[in-house]
Amino acid sequence: MVDADQIVCADVMTRMDLFLDHELDDVAAQEIRRHLGRCQTCSGEAEVGTAIRQAIKRSHHPEPAPPALLERVGSWLRDQQLRSAS
Ligand SMILES: [Zn+2]
């Protein structure tokens, strides 16, 4: 049996920045979240990355969300509405 959820630390490290910036698709992000749940090394990296991002955010004035993100959130909301309507 092949466990498709098994990704290795190298996979996580390569995609860590994308993950922390929420630029991964749901499936990939879920894989990484699962890995972080059982891997201290990677979850430590994720914590550091998150802390860095928060520090950067605090040092900048809040910027409006980019249109691409708004579009993504909008389609996600439409998706949820469709799902709850059916
Ligand atoms: Zn790991």
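Conventions adopted
- Residues numbered from 1 in each chain as written.
- Predicted model: local features only at pLDDT ≥ 70, side-chain atom pairs only at ≥ 80, totals over all residues.
- Helix = DSSP H or I, 4+ residues; strand = E, 2+ residues; numbered from the N terminus.
- Buried ≥ 20, exposed ≤ 12 C-beta atoms within 10 Å, placed from the backbone.
- Expected span 1.5 Å × (residues − 1).
- Axes fitted to C-alpha atoms, helices over the stretch in contact; angles between N-to-C directions.
- Parallel < 35°, antiparallel > 145°, perpendicular 65-115°, else oblique.
- Left-handed = near helix turned anticlockwise from the far one by under 90°.
- Contact = placed C-beta atoms within 7 Å.
- Nonpolar A, V, L, I, M, F, W, Y, C, P; charged D, E, K, R; others polar.
- pLDDT = per-residue confidence, 0-100.

S.K.: What is the right way to look at the overall build of the protein in this model?
M.R.: The helix and strand inventory of the protein stands at 4 helices and 0 strands. Listing each helix as α and each strand as β along the protein from the N terminus yields α-α-α-α. By residue count, 6% of the 86 residues in the protein fall in the buried class.

S.K.: Help me out: how do you make sense of helix α4 (residues 67-85) in this one?
M.R.: One full turn of an α-helix is made of 3.6 residues, so residues set three or four places apart face in the same direction. Here α4 contains 19 residues, and its C-alpha end-to-end distance of 27 Å stays within 8% of the 27 Å for a straight helix at 1.5 Å per residue. The element α4 is barely covered by neighbouring structure, given that only 0 of its 19 residues are classed as buried.

S.K.: Got a minute to help me understand the packing of helix α1 (residues 9-20) against helix α3 (residues 40-59) in this structure?
M.R.: A pair of packed helices is characterised by two quantities: the angle between their axes and the separation of those axes. Contact pair α1 / α3: the axes reach a minimum separation of 10 Å and the direction vectors enclose 20 degrees. On the basis of their axis angle, the class for α1 and α3 is roughly parallel. Like other packed secondary-structure pairs, α1 and α3 cross with a definite hand, here right-handed. Seen from α1, the contacting residues are Cys9, Val12, Met13, Met16 and Leu20; seen from α3, they are Thr41, Cys42, Glu45, Ala46, Gly49, Thr50 and Arg53. For the contact of α1 with α3, the per-class residue count stands at 7 nonpolar, 3 polar and 2 charged.

S.K.: Help me understand unusual backbone geometry in this model?
M.R.: With glycine set apart, most residues show a phi of negative sign, and most peptide bonds adopt trans. In the Ramachandran plot, histidine 22 falls in the positive-phi region, its phi being about 60 degrees despite a non-glycine side chain. Structurally, histidine 22 can be placed in the loop between α1 and α2 (26-38).

S.K.: Just to check I follow, could you spell out the environment of serine 43 for this structure?
M.R.: On the secondary structure map, serine 43 appears in helix α3. With 31 residues separating them along the chain, serine 43 and valine 12 place their C-alpha atoms 9.8 Å apart.

S.K.: I keep staring at α1 and nothing clicks. Help me out?
M.R.: Counted at 1.5 Å a residue, the expected span for α1 with its 12 residues is 16 Å, and the 15 Å between its end C-alpha atoms agrees. Histidine 22 sits one or two residues past α1 and shows a positive phi near 60 degrees.

S.K.: Can you walk me through the confidence of the model for the protein in this structure?
M.R.: Low-pLDDT stretches of the model should not have their predicted coordinates read in fine detail. Looking at the protein, the pLDDT average stands at 86 and 90% of residues meet or exceed 70. The spread of mean pLDDT over the elements of the protein runs between α4, the lowest at 84, and α1, the highest at 95.

S.K.: Got a minute to help me understand the packing of α1 against α2 in this structure?
M.R.: In contact at an axis separation of 11 Å, α1 and α2 are set at 115 degrees when each is read in the N-to-C sense. The handedness of the crossing between α1 and α2 is left-handed. Between α1, through Val12, Arg15 and Phe19, and α2, the contact on the second element is made entirely by Ala28, Ala29, Ile32 and His35. Residues that form the contact of α1 with α2 fall into these classes: 5 nonpolar, 1 polar and 1 charged.

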